[in-house]
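Structural overview for review
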Amino acid sequence: MTKNEIVAGLRKLGLKKGDIVMVHSSLASLGRVTGGAQALLDAFLAVLGRDGTLVVPVFGKLGILTELVRQHPKSVVSVIPTGTVAALGKHARRICKDHWKADLVHEKDTPYVRIAEMGGYICLLGVDQDRNTSLHTAEAVLRLPYLKRTKEHTFDTPEGKVTKSWPFFPGPHRDFIGLDRAFRESGKMKVGRIGTAVARLIKSRDMLDIAVALGRRAPDFALCDNPNCADCVRQRADLNRARFRAEDATVAAATGLAGRYVPEMIENLQAAGIDAVELDIIQGQPVHALRPATLEKALAEFKEAGIAVTGLRSAAALDADSKMLDLAKACGIARLVVPLACRAAEVATSAAKQGLAVSFFNTALTTAQVGRVMRELEHAQPGARLTLSPAHFARLGEGPFSASTKARIRKYMDQLDIEDMTREGTPQALARGNAEIKELVSILRCAGFSGNFVLSTTNRFTGTLRDTAARFVGLLDTM
Ligand SMILES: [Zn+2]
């Protein structure tokens, strides 16, 4: 390759006099270039002319082109300790001005956004979208919840020493490579070859518009879906957590779904972005069969991990003098979730005496029967609440949404079990069975329901906690 061949290639790609272009390149990928990096730089300067501007990133793995631009006597380097660029040409000063004063490293009042505003291009020469730093601007514009604050930097500026950190800074891994297809299919990106190198050219504005639109639809648009990529697992968890925290209700998961042992549960809860648990099964044992010491240890571990406990759930019906009440009290758990059975009033009264809240969940009763019992309870123990288990109603052949409306039981609810099941009693992934889970969640959200949405243990028949959480996010996003 000679300088003139590179010039011809860049012109063919669409670059012309007066253009502004941010270049990410690999000299090696061009093949043998007579004159090396200097020839590449000269080629760009020849195409852009006196009125053009060449910009290169000055961080990470520095290419040899970057070094040449930075060392050029007329180059301007943006002042900021991270996300720095160097520019050469007519608008170099305007593009780099006061980069460090911007609120975010990659957003407005930075070279990245100015290039887009000024109609500039992004050119990838022999490198892929992974190197396309300007895509961080899309993440920043979207204020994606997995973006983190940088550490504090103390650095020199034309206005003296400054100490500053920047919020919404990108994380370690993401899958920008996966975005290439969207740019190609948009028709806005030109792809050609210069020597052996694949060359891509797109207007920065167009690229950002496409990426931001993708991110508005799916905030994980820039993340990979490799379950063994710890970075993206964490970043996805941050997205879920932000999603769940935006709900009026508390999103929790049953321990029976979260895992077998507590450390495993904590890891899975954190990866799903869930900060609360309902204790139903621990180490394969129903909680009422656990020794108090085991339960206390589990509680201490959850507390240490910042995971709240929404209640202690027993699958067995209680007597008024049940040791579950003592267990809850001894462990400092304020709420019990127990089956709605004939002794409900006695249980509720006994619990109330000990200062415990009780929520009854339906098992073998129809919505009409549940309505009757709850109305009776209302007189005996007005504080008693209802946990609606739609799977149980579905199994009795009821449409849990419409039947619960008719039976007027929603007013008693402080919890909805997030689960699904067919009328035949086969557990299903959320919104694949007959439990009308989507309708139930939707109507409760409309009324500002501030109880618990608990991803129940039933879901373990259809997938992991993470699968269920992802499915629940999907459900919330389609309302
Ligand atoms: Zn990843």
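Heads up: these notes are all about the structure in this document. In this text, all values refer to a predicted model and were calculated from it rather than measured experimentally.

Calculation criteria
- Every chain begins its residue count from 1, and numbering advances along the sequence as written.
- With pLDDT at 70 or above as the cut-off, local features in this predicted model cover only qualifying residues; side-chain atom pairs require 80 or more to be listed or tallied, and sums for whole chains, interfaces and linings still use all residues.
- Here, any two strands with at least 2 DSSP bridges between them count as paired.
- To qualify as a helix, a DSSP run of H or I must reach at least 4 residues; to qualify as a strand, a run of E must reach at least 2; elements of each kind are numbered from the N terminus.
- Here an axis means a line fitted to C-alpha atoms, over the contact stretch when the element is a helix, while the angle between two N-to-C directions is reported on a 0 to 180 degree scale.
- Contact definition: two residues whose C-beta atoms, as placed from backbone geometry, lie within 7 Å.
- As a rule, residues whose C-beta atom has 12 or fewer other C-beta atoms within 10 Å are exposed, those with 20 or more are buried, and those in between are partly exposed; C-beta atoms are placed from the backbone.

1. Examining the sheet that holds strand E19 (residues 452–455)
Ordered by their spatial adjacency, eight strands build a closed barrel running E10-E11-E14-E15-E16-E17-E18-E19, and the pairing between neighbours is parallel. Mean inter-strand twist for the sheet, computed between neighbouring axes without regard to direction, equals 30°. The sheet contact formed by strand E11 (residues 276–279) and strand E14 (residues 308–313) spans four bridges and is parallel. The residue of E14 that forms the bridge with leucine 279 is leucine 312.

2. Examining the sheet that holds strand E4 (residues 85–89)
Pairing is mixed across the open sheet formed by seven strands, whose spatial order is E3-E4-E2-E1-E5-E9-E8. Two strands close off the open sheet at either side, each with one partner strand: strand E3 (76–77) and strand E8 (190–194). Here strand E1 (residues 20–25) runs beside strand E2 (residues 53–57); their pairing, made up of three bridges, is parallel. Bridging from a neighbouring strand, methionine 22 pairs with valine 55 of E2. Contacts between helix H1 (residues 3–13) and the sheet are confined to E8 and strand E9 (197–203), with E8 contributing the most and set at about 170° to the helix. On top of the sheet, helix H2 (residues 36–48) reaches E1, E2 and E4; it is set at about 140° to E2, its chief contact.

3. Quick word on the pairing of strand E15 (residues 335–339)
Across the five residues that make up E15, a large majority, five, are buried. The pairing of E14 with E15 spans two bridges and is parallel. Bridge pairing in E15 links arginine 313 to valine 337. Relative to strand E16 (residues 357–361), E15 is paired through five bridges, and the arrangement is parallel. Bridge pairing in E16 links arginine 335 to alanine 357.

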